[in-house]
Amino acid sequence: MTRHGRILIYWIYYFLPAFLLRSTASGPIVYSVTEESSAGTNVGNLAKDLHLDTQDLESRGFQISGPNAKYFEVDGKSGILLVKDRIDREQLCARSGKCSLEVEAIVNSPLNLFRFEVKISDINDNAPSFRVPGIVLNVSESAFLGERFTLPKAFDADVGGFSVKSYKLSQNDFFNLDVQNAGEHGASAEMVLQKALDREKLPVVKLVLTAVDGGKPPRSGSLNIVVNVQDVNDNIPVFDKTLYKATVRENTPPGAHVLSVHAHDLDEGPNGEIIYSFINHDGDNDVDLFQIDPETGDITVKGVLDHEINNAVEIRVQAKDKGHNPRASSCKVLVEITDINDNAPQISVTSLVDVVREDAPVDTMVGLLTVKDEDVNDNGAIQVRLADSGPFKIKNTYKNHYSLVVDGPLDRETNAIHNVTIIATDKGEPPLSGTSVITVHVSDVNDNPPQFDAAQIDIFVKENSQVGDVIHHLSVTDPDVGENAKVTYSITNKDKGHGAGSIINVNSDTGDIVSLQSFDFEKLKTFQFKVQATDSGVPPLSSNVTVNVFILDENDNSPTILAPYSELGSVNSENIPYSAEAGYFVAKIRAVDGDSGYNALLSYHLSEPKGNNLFRIGTSSGEIRTKRRMSDNDLKTHPLVVLVSDNGEPSLSATVSIDVVVVESSADIQTQFRHVTMKEENFSDLNLYLLIAIVAVSSIFLLSLVTLIAVRCHRTDSDFSRYSPPMITTHPDGSWSYSKSTQQYDVCFSSDTLKSDVVVFPAPFPPVDAELISINGGDTFTRTQTLPNKEKPKAPSNDWRYSASLRAGGVMQRP
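Worth saying up front: this structure is predicted, and the values here are computed from it rather than measured.

1. Topic: the overall build of the protein
In terms of regular secondary structure, the protein is built from 6 helices and 56 strands. In the protein, which comprises 815 residues, the share counted as buried stands at 41%. Expressed as a percentage of contacts within the protein between residues at least 6 apart in sequence, the contacts between residues at least 24 apart total 66%.

Have a look at this one:
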């Protein structure tokens, strides 16, 4: 062969396979590389074939992973797949006809896994060899021409064209070589006698057997053969078959029968008695899995049969007679070991994402799995499923490779950790299964707003509370965690309406509602504001709650005596006739209390003199009347002390002193009134002045009343809210209280000439066309239509009580 031819062959065998790339649109990427290629050998442009941008390879961490990563590496800049370490095909695939490695490449951002196949091409780097250095054959000199002698098989670690292809026997006159090609089991050779032996001329024949492989140039190995020529038997044992075949299941227990071989010998006596044995020139350990009965030729199981280790065993059986110079023949026994389902599928996790966001979309990859079963056919066909699918599913990505992906919505608040059980089951009979549990942690996202316990909160606060007191603690629940559950509080309507921000404050961190002023029930009874709770998530979520604050009244106002008995320190005087009957009206005490409810519920009592049984007072009306007729033993002047007390806790009170003077008759009392108007028949200057004064006062009163009506008809709501003078509110028990709100009253004057009473009846809810009662002259009443009122007055509390009649607030007129 020329020098150029050798170079061409060398390039074809050593370099061409490294650049061979075979990829189709529907199939996987397959590269080829020869074994023993030096480190750095270019296998193929992996980045190009995977359509990856070479500029992003280093930043995305493009690398080879998996169990075969030690043989290959990828250039981080160019994306070219290179040989990393020595590849020995014989070590990886033994004598398998096909040898390929499944290689995985991982790239991040986003995480992806690529799989491709690298075929390992064989080179002729191993020479044929025999397991024994030499053999000794005892051949009778009477051996027939054509008699065959089995020779050991040579072993070559290479496969295919580089395995043992032929045998050569050294030059001699007695034997030639018959080479038999057994296909994938390689070639075997037998030595055939072609010339009769003569022990007396040549007792020992030394030969050399050479095994040659199919490499170019070929490699070879040799075996020394020593033939001892013996003089004995005329006939050799003959087997019924030259090839026996049997099938046995793996894991068949020792002692089980496989098959029987049989040979016959035409000789008689010891020369015709046959002994069976195994021929194991190569020291093959597989032969030790069986044993043969030397007398019967029955072959039975001796060791543990495993289809996954060896699916077939070839045995040479020898039949030798018992002659002085025994003669023997051989046959071949091929035992096929069939598979049973004795291997459960094995699941291994090759890559796993530690934490998955709870808003991860469907098909988000969680982990990569590899499932293997050492069995074959249906026993090795695997089905993978999840024990409880939940929000995940299994997808088959390539052959026995699977991925665990998200298949539904995740909710960390419902389940923060998912223990996903993966079950792999083969199709054997009975089927075997393997399980693996993958723990998936779900991370939180801000998908839950803070929630108040109720949409509205009612708070009750006593008036006169300390400034800075915590009147309520707000609390919310947020199922999220971390910053997503960190809540801050704020008032949303600080600058609107009543300005709640100046009255109260909400601690943004703790949710404590703190008063910024001391409350006064008489000025402010209730107010409302809204609080917003906002978490710290991105984006933040919030919710609102309406807070109603109700001020509770305390008994902080003492009763106030109204005119004409309101002057402090003075003693008032009232006259009654000596002839007054029991029940005679003496006087009426009126008082008001700035509080409300029971704190403003007033009661009247006579506290002095003790033991006096002439007068009594209505506890709720304040009217002082006589209990009986006068007697001569009664005093002419009776000093009375009236105690007005409320029903608060503790009770507050006020007192007023009245001297009741007993006169001789009622005429004496009336004379005082008539003396002024009827003293003379003719008008005097005094009468004229008095008449003018009465007319003037009446005119002024009527003018004032008309003016008041006109002002009320033209007054707007804003006028009321701007001025809002204190108004006297009546109670059913006879007490009066002050109120900031504007109300409408019906005013009546008594026709009693002795005492002028003003009776005030509150009209809590007047209609739009309400009537106002005015006074016409003496004691007659007319009704005047009022203008429509835009705002209805609020009704008083249900626990307030009103007296039947109240004395007017003005000074009683006397002649």
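2. Regarding the packing of aromatic side chains
Each aromatic ring pair is specified by the distance between its two centres and by the angle formed by the two planes. By the definition in use, this model includes 7 aromatic pairs. Note on tyrosine 31 and phenylalanine 116: the rings are 5.7 Å apart at their centroids and 90° apart in plane angle, and the pair reads as edge-to-face. One end of the pair, tyrosine 31, is in strand 2 (residues 29–34); the other, phenylalanine 116, is in strand 8 (residues 112–121), and 85 residues separate them in sequence. Phenylalanine 116 matches tyrosine 31 in its accessibility class, with the two residues each being buried. Taking 6.2 Å as the distance between ring centres and 50° as the angle between the ring planes, the aromatic pair formed by phenylalanine 239 and tyrosine 276 counts as tilted.

3. Here's the deal with the environment of leucine 368
Position of leucine 368 among the secondary structure elements: in strand 27 (residues 365–372). Considering only alpha carbons, one finds leucine 368 and tyrosine 402, 34 residues apart in sequence, at a separation of 6.0 Å. With near-sequence residues (within four places) excluded, leucine 368 lies in contact with Leu113, Ser348, Val349, Thr350, Ser351, Tyr402 and Ser403.

4. Let's talk about the sheet that holds strand 34 (residues 456–462)
One open sheet holds the 4 strands; their spatial order is 34-41-40-37, and the pairing between them is mixed. Each edge of the open sheet is held by one strand with a lone partner, namely strand 34 and strand 37 (487–491). Ignoring strand direction, the axes of neighbouring strands in this sheet form an average angle of 30°. Sheet analysis places strand 40 (residues 526–535) next to strand 41 (residues 542–552), joined by 9 bridges and oriented antiparallel. Bridging from a neighbouring strand, phenylalanine 529 pairs with valine 547 of strand 41.

5. Overview of the pairing of strand 37
Along a regular strand, successive side chains alternate from one face of the sheet to the other. Residues Val487, Tyr489 and Ile491 line the buried face of strand 37, whereas the alternating positions Thr488 and Ser490 sit on a face that is not buried. For strand 37 and strand 40, the ladder comprises 5 bridges, and the chain directions are antiparallel. Bridge pairing links threonine 488 to threonine 534 in strand 40.

6. Observations regarding the pattern of salt bridges
Within this structure, the stated rule accounts for 18 salt bridges. Through salt bridges with shared partners, one network takes in Glu36, Arg86 and Asp88.

7. Remarks on the confidence of the model for the protein
For the protein, mean pLDDT is 78; residues scoring 70 or higher make up 79% of the total. Across the protein, element-level confidence peaks in strand 22 (residues 298–301) with a mean pLDDT of 95 and bottoms out in strand 55 (residues 771–776) with 32. Considering only residues more than four positions removed or in separate chains, one finds that residues 1–26, a stretch of pLDDT under 50, has 36 contacts. Low pLDDT, under 50, characterises residues 716–815; the predicted model gives this stretch 206 contacts beyond four residues in sequence or across chains.

8. Comments concerning the environment of alanine 587
Tracing the chain through its elements places alanine 587 in strand 44 (residues 585–588). On the basis of relative accessible area, alanine 587 is assigned to the buried category, the value being 1%. As for alanine 587 and isoleucine 576, which are separated by 11 residues in sequence, their C-alpha atoms are 9.9 Å apart.

9. What about unusual backbone geometry?
A cis amide bond links glutamate 429 to the next residue, proline 430, at an omega of -5°. Along the chain, proline 430 falls in the loop between strand 31 (417–426) and strand 32 (433–443). The omega angle of the peptide bond from valine 538 to proline 539 is -5°, so this bond is cis rather than trans. Residue placement: proline 539 occurs in the loop between strand 40 and strand 41. The phi dihedral of serine 109 falls on the positive side, at around 55°, and the residue is not glycine. One non-glycine residue, asparagine 464, adopts positive backbone phi at about 70°. By the element assignment, asparagine 464 lies in the loop between strand 34 and strand 35 (470–473). Relative accessible area serves as the criterion here: at 37%, asparagine 464 is assigned to the partly exposed category.

10. Here we look at the environment of serine 579
You can see serine 579 is positioned in the loop between strand 43 (571–577) and strand 44. According to the relative accessible area criterion, serine 579 is partly exposed, its value standing at 37%. Spatially, the C-alpha atom of serine 579 lies 8.8 Å from that of valine 663, the residues being 84 residues apart in sequence. Ignoring sequence-local partners within four residues, the contact set of serine 579 consists of Arg629 and Glu664.

11. With respect to the sheet that holds strand 5 (residues 72–74)
If you walk across this open sheet you meet the 3 strands as 3-6-5, and the pairing is antiparallel. Across the chains shown, the open sheet's two edge strands, defined by having one partner strand only, are strand 3 (42–45) and strand 5. The average undirected angle you get between the axes of adjacent strands in this sheet is 25°. By the bridge criterion, 3 bridges tie strand 3 to strand 6 (residues 80–83) in an arrangement that is antiparallel. Within strand 6, the residue paired with asparagine 45 across the bridge is isoleucine 80.

12. Focus on the side chain of aspartate 375
Mapped onto the elements of the fold, aspartate 375 is located in the loop between strand 27 and strand 28 (382–386). At 10 Å, arginine 249 is the nearest oppositely charged side chain to aspartate 375, a buried residue that forms no salt bridge. Here aspartate 342 takes part through its backbone nitrogen, which lies 3.5 Å from a polar atom of the side chain of aspartate 375. Residues contacting aspartate 375, with those up to four places away along its chain left out, are Glu250, Glu308, Asp339, Ile340, Asn341, Asp342, Asn343 and Gly380.

13. Thoughts on the pairing of strand 2
Most of strand 2 sits inside the fold, with 6 of its 6 residues counted as buried. Burial along strand 2 is two-sided: Ile29, Tyr31 and Val33 and Val30, Ser32 and Thr34, pointing in opposite directions, are all buried. Summarising the sheet, strand 2 and strand 8 pair through 6 bridges and their orientation is parallel. When the bridges of strand 8 are listed, isoleucine 29 appears paired with phenylalanine 116.

14. Examining a nonpolar patch on the surface
Residues Phe460, Phe550 and Leu552 make up a contiguous nonpolar surface patch of roughly 270 Å² in combined accessible area. Mapped onto the elements of the fold, phenylalanine 550 is located in strand 41.

15. Quick word on the side chain of aspartate 49
Tracing the backbone shows aspartate 49 in helix 2 (residues 46–49). Despite being buried, aspartate 49 has no salt bridge partner; lysine 48 is the closest side chain of opposite charge, sitting 6.2 Å away. Within the structure, the side chain of aspartate 49 is placed 2.6 Å from the side chain of tyrosine 31, a separation counted as a polar contact.

16. Structural notes on the nonpolar core
In terms of nonpolar packing, the biggest core is built from 28 residues, with Leu46, Phe62, Ile64, Phe72, Leu81, Phe116 and Val118 touching the most fellow members. Residue assignment for this core shows that the elements contributing at least two residues are strand 2, helix 2, strand 5, strand 6, strand 7 (100–107) and strand 8. Excluding residues within four positions of it along the chain, phenylalanine 62 makes contact with Leu46, Leu50, Leu52, Leu57, Val74, Ala105, Ile106 and Val107. Counting residues in each nonpolar core, the second largest holds 26 residues, with Phe130, Phe149, Leu207 and Ile225 among its members.

Reading the values: the criteria
Residues numbered from 1 in each chain as written. Predicted model: local features only at pLDDT ≥ 70, side-chain atom pairs only at ≥ 80, totals over all residues. Heavy atoms only, no water. Helix = DSSP H or I, 4+ residues; strand = E, 2+ residues; numbered from the N terminus. Buried < 20%, exposed > 50% of the residue type's maximum accessible area, 1.4 Å probe, protein only. Contact = heavy atoms within 4.5 Å. Phe/Tyr/Trp six-rings, centres within 6.5 Å; stacked < 30°, edge-to-face > 60°. Pairing = 2+ DSSP bridges. Axes fitted to C-alpha atoms, helices over the stretch in contact; angles between N-to-C directions. Salt bridge = Lys/Arg side-chain N within 4 Å of Asp/Glu carboxyl O. pLDDT = per-residue confidence, 0-100. Lys, Arg positive; Asp, Glu negative; His and termini not counted. Polar contact = N/O pair within 3.5 Å; in protein donor to acceptor, adjacent residues only side chain to side chain. Patch = residues over 30% accessible without salt bridge, like charges linked within 9 Å, V, L, I, M, F, W, Y side chains within 5 Å. Areas by Shrake-Rupley, 256 points an atom, 1.4 Å probe, with all protein chains shown as cover. Core = buried A, V, L, I, M, F, W, Y, C linked by side-chain atoms within 4.5 Å.

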